[in-house]
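Given next are the chains, with one letter for each unit.
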Amino acid sequence: MKVEETYLEGCFVITPKVFKDDRGYFLETFNEQVFSKETGIRTHFVQDNLSKSSKGVLRGLHFQEGEAAQAKLVQVIKGKVLDVCVDLRKDSLTFGKHFSITLDGLNKVQLYVPRGFAHGFIVLEDNSIFSYKCDNFYDKNSESGIIFNDKTLNIDWNFPEEKIIVSEKDKNLETFENLFR
């Protein structure tokens, strides 16, 4: 397993070792001991989520506040997405900065998104299956989000905005400025 910290402190790109042969492949998607040794982070995941989406679907930018904040380990099982996380930690040197990476079912690369971050992704291939582990349970009363096309964050989703499919809930999310300034 190869672990690389992004320019956002505590946010890691993880490339697992994939063992392939003529039968298919095998990989270890998570090992708490290895993860802790490589990142210095002790985590305990308590919830796994899975979504299947069509090309152009954008989910995010979501986060949970306070005691319900979640760290996530995200990956694509099938298909391809552009994954984005935003540092919302006010005391961080990278507050308001974002990181994006293409994740797909072929390269098996994962992204660890720490607590205090917003997260979202846009689907680049039909019938993509996205999986994520969370270190805290979902709490509807603590959920929040930032509109995907926020002018302050200026995220390049690498997709024509007029073709992006967003839920009604996500269309009504707040701006970064309204939430954090």
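The numbers attached to residues start from 1 for each chain and follow its sequence in the written order. Since the coordinates come from a predicted model, pLDDT governs what is reported: local features require at least 70, and pairs of side-chain atoms require 80 or more to be given and counted, while whole-chain, interface and lining totals use all residues. Excluded from the side-chain calculation are hydrogens and water; included are all heavy atoms of the structure.

Points about the layout of surface pockets
- We place a 1 Å grid over just the protein atoms. Points where a 1.4 Å probe fits but has no way out form a cavity, open points with protein on both sides within 12 Å along at least 5 of 7 lines form a pocket, and any residue with an atom within 4 Å of a point lines it. Grid points are joined across faces, edges and corners, and a volume is the space filled by probe spheres set on the points. Volume-wise, the largest pocket comes out at about 670 Å³.
- Those elements giving two or more residues to the lining of the largest pocket turn out to be strand S5 (47–53), strand S6 (57–64), strand S11 (117–123), strand S12 (128–134), strand S13 (143–145), strand S14 (165–166) and helix H2 (168–171).
- Under the scheme used here, helices are H or I runs from DSSP no shorter than 4 residues and strands are E runs no shorter than 2 residues, and both carry numbers assigned from the N terminus. Counting residues per element, the lining of the largest pocket draws most heavily on S6, at six residues.
- Of the residues in the lining of the largest pocket, the class split is 14 nonpolar, eleven polar and five charged. Throughout this entry, Asp, Glu, Lys and Arg are counted as charged residues, while Ala, Val, Leu, Ile, Met, Phe, Trp, Tyr, Cys and Pro are counted as nonpolar. The remaining residues, Gly among them, count as polar.

Some points on unusual backbone geometry
- Cis rather than trans, the peptide bond between Gly 60 and Leu 61 has omega equal to 5°.
- Take Leu 61: it is sitting in strand S6.
- Even without being glycine, Lys 108 reaches a positive phi, approximately 65°.
- Per-residue accessibility, obtained with a 1.4 Å probe over protein chains only, is compared with the maximum for each type, and a residue is labelled buried under 20%, exposed over 50%, and partly exposed between these values. Relative accessible area serves as the criterion here: at 9%, Lys 108 is assigned to the buried category.

So, the sheet that holds strand S1 (residues 2–5)
- An order of S1-S2-S10-S7-S12-S5 is seen for the six strands of this open sheet, with the pairing classed as antiparallel. The sheet is open, and its two borders are formed by S1 and S5, each paired with just one other strand. Neighbour to neighbour, the strand axes of the sheet diverge by 20° on average, direction disregarded.
- Here, any two strands with at least 2 DSSP bridges between them count as paired. Pairing between S1 and strand S2 (residues 12–15): four bridges, direction antiparallel. The residue bridging Lys 2 from the neighbouring strand is Thr 15, located in S2. For helices, the axis comes from a line fit to the C-alpha atoms of the stretch in contact; other axes are also lines fit to C-alpha atoms, and the angle between any two N-to-C directions lies between 0 and 180 degrees.

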